[in-house]
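Breakdown of the fold
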Amino acid sequence: MVKRVQTGIKGFDKLVQGGLPENSVTLLIGTPGTGKTLFSLQYLHNGATNKEKSMYVTLEQSLEDIRSQAKDLGMDLAKAEKTGMLTLMHIPIHDLTLNTIEQIKKEAEKRKIKRLVIDSISTLAVNAPVYTPLKDLALRDVMNYKAFFSPPILGDFVVKRFIYGFLSDLKQLGCTTIVTGEAPEKGEFLTRDTVSEFIADGIVSITFESMGGQYSRSLLVRKMRGTKADEDIHPLEITDKGLVIHTVK
Ligand SMILES: Nc1ncnc2c1ncn2[C@@H]1O[C@H](COP(=O)(O)OP(=O)(O)O)[C@@H](O)[C@H]1O
Ligand SMILES: [Mg+2]
């Protein structure tokens, strides 16, 4: 039996047989403003207040921003940080190097982190071509990709290879991890990078769509390893007390 890690997000855990599978990597995808960051923070805050060591890594927002965003939903992150159960880490894009991934992994191992969030893989991946030296690519790989003379496509290849490596590494960490990702507005793939959706153990997608002139958010569990997941689309509401996933029936 797979052990479950309760997110504590109202209405979510029962969609996935009680929680996220322990040691899994779940991709939380959606267009901007769908609530991915809030979902992530609530997952970690619930963990930290239940004495599970939690770590949030953002590549997008300052920590002041994050703490204040959480406060609007009734979460006191600073308090959880003081107990040592929650670690917030901000890595500005211009500080990203090849060592960043190592640095995140080391920190998670050192602090014996059980719940980890990376927000977002899209920001990390978009910058991968900048900090991946060409010498690190096997020539054979590049030739196979038939993109040797086409730098933009080569950049795309670097992104895919980077994501593959990163998510595979994350799976070895022993954390129950959520990685957020930007979903394209349209198209045949769920994610912009088109590969993370295949590697992740689980995919949860949040959409923000207009229905009868009013915009509303909804959540769908697209896949979840070892789980008989609920296949309905559920309305997601952001309230002052946090996210609520409603049941349709
Ligand atoms: N207290 C609140 N009540 C209702 N909606 C809120 C509240 N706080 C934030 N939001 C909504 O949540 C959105 C931000 O969610 P966020 O998790 O940052 O999105 P994402 O990470 O997917 O871009 C905002 O656009 C805002 O509309
Ligand atoms: Mg966000």
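1. Some words on the pairing of strand 6 (residues 115-119)
Most of strand 6 is tucked away: five of the five residues are buried. Along strand 6, one buried face is formed by Arg115, Val117 and Asp119 and the opposite face, lined by Leu116 and Ile118, is buried too. Two strands pair when backbone bridges link them, and strand 4 (residues 54-58) and strand 6 are joined in this way by five bridges, in the parallel orientation. Note on strand 6: the bridge partner recorded for Tyr56 is Val117.

2. Details of the pairing of strand 7 (residues 176-182)
Here strand 7 lies mainly inside the structure; seven of its seven residues are buried. Alternating positions in strand 7 separate into two faces, Thr176, Ile178, Thr180 and Glu182 on one and Thr177, Val179 and Gly181 on the other, with burial throughout. Judged from the six bridges that link them, strand 3 (residues 25-30) and strand 7 form a sheet pairing that is parallel. Each bridged residue has a counterpart across the sheet, and for Leu28 the counterpart in strand 7 is Thr180.

3. As for the packing of aromatic side chains
The tally for this structure, following the rule as stated, stands at three aromatic pairs. Here the aromatic rings of Phe162 and Phe166 are separated by 5.8 Å at their centres, their planes lie at 5 degrees, and the arrangement is stacked. Of the two residues, Phe162 and Phe166 both sit in helix 8 (residues 151-171), four residues apart, roughly one turn of that helix.

4. Regarding the layout of surface pockets
When its volume is computed, the largest pocket comes out at roughly 450 Å³. Along its surface, the largest pocket is lined by 21 residues, and Ala183, Pro184, Glu185, Thr207 and Glu209 are the ones closest to its centre. Elements with a contribution of two residues or more to the lining of the largest pocket: strand 3, strand 8 (202-211) and strand 9 (214-224). Examining the composition of the lining of the largest pocket, we find that five residues originate from one element, strand 8, more than from any other. Across the lining of the largest pocket, the residue classes tally to eleven nonpolar, six polar and four charged.

5. Some details on the confidence of the model for the protein chain
Looking at the protein chain as a whole, the pLDDT averages 89, with 89% of positions reaching at least 70. Taken together, the stretch residues 146-150 has pLDDT below 50 and engages in six contacts with residues farther than four places along the chain or on a different chain.

6. Observations regarding the site of ligand 1
Taken together, the residues surrounding ligand 1 are Pro32, Gly33, Thr34, Gly35, Lys36, Thr37, Leu38, Gln69, Asp72, Leu73, Arg217 and Ile238. Taking Gly33, its main chain carries an N or O atom lying 2.7 Å from an oxygen atom of ligand 1. Here an oxygen atom of ligand 1 and a side-chain polar atom of Gln69 are 2.7 Å apart. Surface burial for ligand 1 is 65%, taken as the share of its 580 Å² of free accessible area covered by protein chains. Residue classes in the shell around ligand 1 are distributed as four nonpolar, five polar and three charged.

7. Regarding the side chain of Lys36
The topology assignment puts Lys36 in helix 1 (residues 36-49). With a relative accessible area of 7%, Lys36 lands in the buried category. Within the structure, Lys36 has its side chain in polar contact with the backbone oxygen of Gly30 (distance 3.2 Å).

8. Focus on unusual backbone geometry
Of the consecutive residues Asp119 and Ser120, the connecting peptide bond is found in the cis state with omega at 5 degrees. Checked against the element boundaries, Ser120 lands in the loop between strand 6 and helix 5 (121-126). With phi around 55 degrees, Gln17 is a residue other than glycine that occupies positive phi space. Tracing the backbone shows Gln17 in the loop between strand 1 (4-5) and strand 2 (20-21).

9. Comments concerning the pattern of salt bridges
Taken as a whole, this structure holds ten salt bridges when the rule is applied. Residues Glu64 and Arg67 are paired through a salt bridge, measuring 3.7 Å at the closest nitrogen-oxygen approach. Taken together, the residues Glu64 and Arg67, both in helix 2 (residues 63-71) and three residues apart, mark about one turn of the helix. Exposure remark for Glu64: the relative accessible area of 56% places this residue in the exposed category. Classification of Arg67 as partly exposed rests on a relative accessible area of 26%. Each of Glu64, Arg67 and Glu81 takes part in one network of salt bridges that share partners.

The rules behind these values
Residues numbered from 1 in each chain as written. Chains lettered and ligands numbered in written order. Predicted model: local features only at pLDDT ≥ 70, side-chain atom pairs only at ≥ 80, totals over all residues. Heavy atoms only, no water. Buried < 20%, exposed > 50% of the residue type's maximum accessible area, 1.4 Å probe, protein only. Helix = DSSP H or I, 4+ residues; strand = E, 2+ residues; numbered from the N terminus. Pairing = 2+ DSSP bridges. Phe/Tyr/Trp six-rings, centres within 6.5 Å; stacked < 30°, edge-to-face > 60°. 1 Å grid on protein atoms, 1.4 Å probe; cavity = no way out; pocket = protein on both sides within 12 Å on 5 of 7 lines; lining within 4 Å. Points joined across faces, edges and corners; volume = space filled by probe spheres on them. Nonpolar A, V, L, I, M, F, W, Y, C, P; charged D, E, K, R; others polar. pLDDT = per-residue confidence, 0-100. Contact = heavy atoms within 4.5 Å. Near = heavy atom within 4 Å. Polar contact = N/O pair within 3.5 Å; in protein donor to acceptor, adjacent residues only side chain to side chain. Areas by Shrake-Rupley, 256 points an atom, 1.4 Å probe, with all protein chains shown as cover. Salt bridge = Lys/Arg side-chain N within 4 Å of Asp/Glu carboxyl O.

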